[in-house]
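If you want the building blocks of each chain, they are given just below.
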Amino acid sequence: LAKTTQPISMDSYEGQEVNITCSHNNIATNDYITWYQQFPSQGPRFIIQGYKTKVTNEVASLFIPADRKSSTLSLPRVSLSDTAVYYCLLGGATNKLIFGTGTLLAVQP
Amino acid sequence: GAVVSQHPSRVICKSGTSVKIECRSLDFQATTMFWYRQFPKQSLMLMATSNEGSKATYEQGVEKDKFLINHASLTLSTLTVASAHPEDSSFYICSALGQRQNTYNEQFFGPGTRLTVL
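Residues numbered from 1 in each chain as written. Chains lettered and ligands numbered in written order. Predicted model: local features only at pLDDT ≥ 70, side-chain atom pairs only at ≥ 80, totals over all residues. Heavy atoms only, no water.

Draft legend 1. Structural context of the nonpolar core. Counting residues in hydrophobic clusters, the biggest one holds 25 residues, and the most contacted among them are B:Val4, B:Trp35, B:Phe67, B:Leu79, B:Tyr92 and B:Leu115. Every element with two or more residues in this core is listed here: strand 2 (10-13), strand 3 (19-25), strand 4 (32-38), strand 5 (44-51), strand 7 (67-73), strand 8 (76-81), strand 9 (90-99) and strand 11 (113-117) of chain B. Setting aside its immediate chain neighbours within four residues, B:Leu79 contacts B:Val19, B:Lys20, B:Ile21, B:Trp35, B:Phe67, B:Leu68, B:Ile69 and B:Tyr92. Counting residues in each nonpolar core, the second largest holds 20 residues, with A:Cys22, A:Leu73, A:Val78 and A:Leu90 among its members. (Core = buried A, V, L, I, M, F, W, Y, C linked by side-chain atoms within 4.5 Å. Buried < 20%, exposed > 50% of the residue type's maximum accessible area, 1.4 Å probe, protein only. Helix = DSSP H or I, 4+ residues; strand = E, 2+ residues; numbered from the N terminus. Contact = heavy atoms within 4.5 Å.)

Written out as structure tokens, the structure is:
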């Protein structure tokens, strides 16, 4: 399975837009990109998923360039409750998800 | 929709005890479920893929005789930690494979089970 690389941590302040970029240079043709959020002692929670270009839902946007070797999760106007670990994952035919280190986002007042 | 539950949420047991954790998809059927383990301040590690009606597929390094998985119905998979020892203490998380509208296949995660072996 293709590996993903994300920053280990990011800091932000309430009300700011946060962009977390994930690198996946070896993404396969049938891989789609999914982002999950995890709070301590809880299971991961789905945020957004896409294959190419841009996807937007009620909580986030996902930007995927044409070569699909990276993707950027955009969280508009973060709040303290958005402090969590964010994982970028590739899913394909096997449906297996291999979690990387994730990005610990710390939102401060 | 697409809710996954786990039971128990927390278990404390003595060394040598076998512990069973249940994972249920409450409002959808899941042919495939996954089991993960997460140690403190670490990422999730995939342990095995559980397919209804067949044997589970274990990831490299995961002892199948230690972590027994049964997926007897489309809504229930169980993980039994046989003869648990303190090093098995961890956060165990299951997921069920489903599909939300306008998405590809998605794993819906349970809330996790905290196992502490004394």
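Draft legend 2. Summary view of the sheet that holds strand 3 of chain B. Residues and elements named next belong to chain B. If you walk across this open sheet you meet the four strands as 1-3-8-7, and the pairing is antiparallel. The sheet is open, and its two borders are formed by strand 1 (4-7) and strand 7, each paired with just one other strand. The mean inter-strand angle of the sheet, taken between neighbouring strand axes irrespective of direction, is 15 degrees. With six bridges connecting them, strand 3 and strand 8 associate as antiparallel partners. (Pairing = 2+ DSSP bridges. Axes fitted to C-alpha atoms, helices over the stretch in contact; angles between N-to-C directions.)

Draft legend 3. Region of interest: the state of the cysteines. Summed over the entire model, instances satisfying the criterion amount to two disulfides over all chains. Distance from the sulfur of B:Cys13, which forms no disulfide, to the nearest cysteine sulfur (B:Cys94) is 18 Å. (Disulfide = S-S within 2.5 Å.)

Draft legend 4. Highlighting the interface of chain B and chain A. Listed per partner, the contact involves 22 residues of chain B and 19 residues of chain A. For the pair chain B and chain A, the two sides together bury roughly 1,600 Å², of which 55% comes from carbon and sulfur. Seen at the junction of chain B and chain A, the total is one salt bridge. Between B:Glu59 and A:Lys96 there is a salt bridge, with the nearest N and O atoms lying 2.8 Å from each other. At the level of elements, strand 4, strand 5, strand 9 and strand 10 (105-109) of chain B are the ones that each hand at least two residues to the side of chain B that touches chain A. With four residues, the single largest contributor to the side of chain B that touches chain A is strand 10 of chain B. Of the residues that constitute the side of chain B that touches chain A, the class distribution is 10 nonpolar, eight polar and four charged. (Buried area = accessible area lost by both parts, 1.4 Å probe. Salt bridge = Lys/Arg side-chain N within 4 Å of Asp/Glu carboxyl O. Nonpolar A, V, L, I, M, F, W, Y, C, P; charged D, E, K, R; others polar.)

Draft legend 5. Seen up close, the environment of B:Cys23. Residue and element names in this part refer to chain B. Here Cys23 lies in strand 3. When its relative accessible area of 0% is taken as the criterion, Cys23 is described as buried. Measuring from C-alpha to C-alpha, the distance between Cys23 and Gln38 comes to 16 Å, with 15 residues separating the pair along the chain. Not counting residues within four places of it along the chain, the set of residues in contact with Cys23 comprises Val4, Ser5, Met33, Trp35, Thr75, Leu76, Ser77 and Cys94.

Draft legend 6. Examining the sheet that holds strand 7 (residues 70-75) of chain A more closely. All names here are of chain A. Pairing is antiparallel across the open sheet formed by four strands, whose spatial order is 2-7-6-5. Strand pairing shows two members of the sheet lacking a second neighbour, strand 2 (18-23) and strand 5 (53-56), which therefore form its edges. Strand-to-strand twist in this sheet, taken as the mean axis angle between neighbours without regard to direction, amounts to 15 degrees. Looking at chain direction, strand 2 and strand 7 are connected through six bridges and run antiparallel.

Draft legend 7. Here's a closer look at the environment of B:Thr17. All names here are of chain B. Summarising the element assignment, Thr17 is placed in the loop between strand 2 and strand 3. With a relative accessible area of 32%, Thr17 lands in the partly exposed category. Between the alpha carbons of Thr17 and His85 there is a distance of 8.0 Å; along the sequence they are 68 residues apart. With residues near it in sequence (within four places) discarded, Thr17 still touches Val81, Ala82, Ser83 and Ala84.

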